[in-house]
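Listed below, chain by chain, are the residues.
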Amino acid sequence: MIKARLSLWLIGLGIVSVTVITASAQSRNLPVYEVSRTATPVKVDGKLDDFVWTKAARFRDFRLNLDGSSSAFKTEARALYDDNFLYFSFRCPDSNIWATFKRRDEHLWEEEVVEVFLQADPNQSSYIELEVNPLGTMLDIYLLDIRKPLHYESWNSQKLEWGIQLFGTVDGKDNDKEWTCEIAIPMEDIVTARNLPPRVGERWRLNLYRVEKLPTPALFAWSPTFKDDFHIPSMFGEIVFTNNLVR
């Protein structure tokens, strides 16, 4: 998978870059995102028109994954949670939107896509990877360890929700504007979490990625891994669940 990668499920208010002290990432300057709780369930249709999204802070700008440098190519991401779901939204400005895969669990990372990698318990090796392309196709993977997934078709989240909206055409031609995406990860699927729903102050490991192919290939990350590889959990950022309530 783009030298492989795995995605997962997440949320909301406040982005801070701090030094995270954990067993897996001592003294590394990894990003931390404070997730707000939503009193109103998000309608997951890809349109980003739910008012609660305006109350959720943005993740910091995605950077080039290989070297951590900034880019004029912007991606806007936000997260929220409630008792049942961890919600993510993506806004992807793109003058040339492209994808061809239409069947669930195809190799979406080979084309343009957004990705969520989620590891609720950093003390064990499993994590979840989710990918959505501009055609609204989903790839959901449960990995037992780094690059050791269950067979793709053997694990499909039954209550997973996602949607996209296009402002352009998915044909690899110019003059497009952007595409947007929403993902809702069922809390019940995050089986390694200590508490479900998570308690205020609990921290999960997370990374968000975006793959671009046209007109120029590029790999972007919320927390760059500094390698041609997304599957490096020790370089994931953290999300912290807060009691900040939005409605």
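What you see is a predicted model; the values in this text were computed from it and never measured.

Got a minute to help me understand the pairing of strand S13 (residues 218-221) in this structure?
The side chains of a regular strand alternate between both faces of the sheet. Bridge count for strand S3 (residues 63-64) against S13 is two bridges, and the pairing is antiparallel. Considered in S13, the bridge of Leu64 is made with Phe220. As defined by bridge partners, strand S12 (residues 203-212) adjoins S13 across four bridges and the pair is classed as antiparallel. Bridging across to S13, Tyr209 finds its partner in Ala221. Adjacent in sequence and paired antiparallel, S12 and S13 are bridged by five residues.

Would you mind showing me how to read the state of the cysteines here?
Put plainly, two cysteines are in a disulfide when a covalent bond ties their sulfur atoms together. Scanning the model with the defined rule gives zero disulfides in all. Of the cysteine sulfurs around Cys92, a residue in no disulfide, the closest is that of Cys181, at 7.4 Å. A relative accessible area of 0% means that Cys181 is categorised as buried.

Before we go on, may I ask you to explain the nonpolar core in this structure?
Of all hydrophobic cores here, the largest spans 50 residues; its most connected members are Phe59, Leu86, Phe88, Phe90, Trp204 and Leu208. Element by element, the count of residues in this core is highest for strand S5 (residues 85-93), at six residues. Setting aside its immediate chain neighbours within four residues, Leu208 contacts Phe59, Phe62, Ala77, Phe88, Phe90, Glu115, Val116, Phe220, Ala221 and Trp222. With 15 residues, the next largest nonpolar core counts Ile141, Tyr209, Val211 and Phe230 among its residues.

Whenever I open this one, the pattern of salt bridges confuses me. Can you help?
When the charged atoms of two side chains with opposite charge come close together, those side chains can pair. Counted according to the given criterion, the structure contains 13 salt bridges. Between Arg203 and Glu238 there is a salt bridge, with its nearest N and O atoms 2.7 Å apart. Placement of the pair is Arg203 in strand S12 and Glu238 in strand S14 (residues 237-246), with a sequence separation of 35 residues. Put simply, Arg58, Asp61, Lys74, Glu76, Arg78, Arg91 and Glu178 are held in one network by salt bridges that share partners.

Help me understand the confidence of the model for the protein chain in this model?
Per-residue confidence for the protein chain gives a mean pLDDT of 90; residues scoring 70 or more make up 89%. For residues 1-27, every residue scores under 50 in pLDDT, and the model assigns this stretch 147 contacts once sequence neighbours within four places are set aside.

Please clarify how the packing of aromatic side chains should be interpreted in this entry.
Remark: the centre distance and the inter-plane angle together describe each pair of aromatic rings, the angle taken between the planes. Evaluated as defined, the whole model comprises 13 aromatic pairs. When the ring of Tyr81 is compared with that of Phe241, the centres are 4.9 Å apart and the planes differ by 80 degrees; the resulting orientation is edge-to-face. On the criterion of sequence distance, the pair formed by Tyr81 in strand S4 (residues 76-81) and Phe241 in strand S14 is long-range, its members being 160 residues apart. Grouping residues by exposure puts Tyr81 and Phe241 together as buried. Geometrically, the ring pair formed by Phe85 and Tyr87 is tilted, given 5.8 Å between the ring centres and 40 degrees between the ring planes.

The rules behind these values
Residues numbered from 1 in each chain as written. Predicted model: local features only at pLDDT ≥ 70, side-chain atom pairs only at ≥ 80, totals over all residues. Heavy atoms only, no water. Pairing = 2+ DSSP bridges. Helix = DSSP H or I, 4+ residues; strand = E, 2+ residues; numbered from the N terminus. Disulfide = S-S within 2.5 Å. Buried < 20%, exposed > 50% of the residue type's maximum accessible area, 1.4 Å probe, protein only. Core = buried A, V, L, I, M, F, W, Y, C linked by side-chain atoms within 4.5 Å. Contact = heavy atoms within 4.5 Å. Salt bridge = Lys/Arg side-chain N within 4 Å of Asp/Glu carboxyl O. pLDDT = per-residue confidence, 0-100. Phe/Tyr/Trp six-rings, centres within 6.5 Å; stacked < 30°, edge-to-face > 60°.

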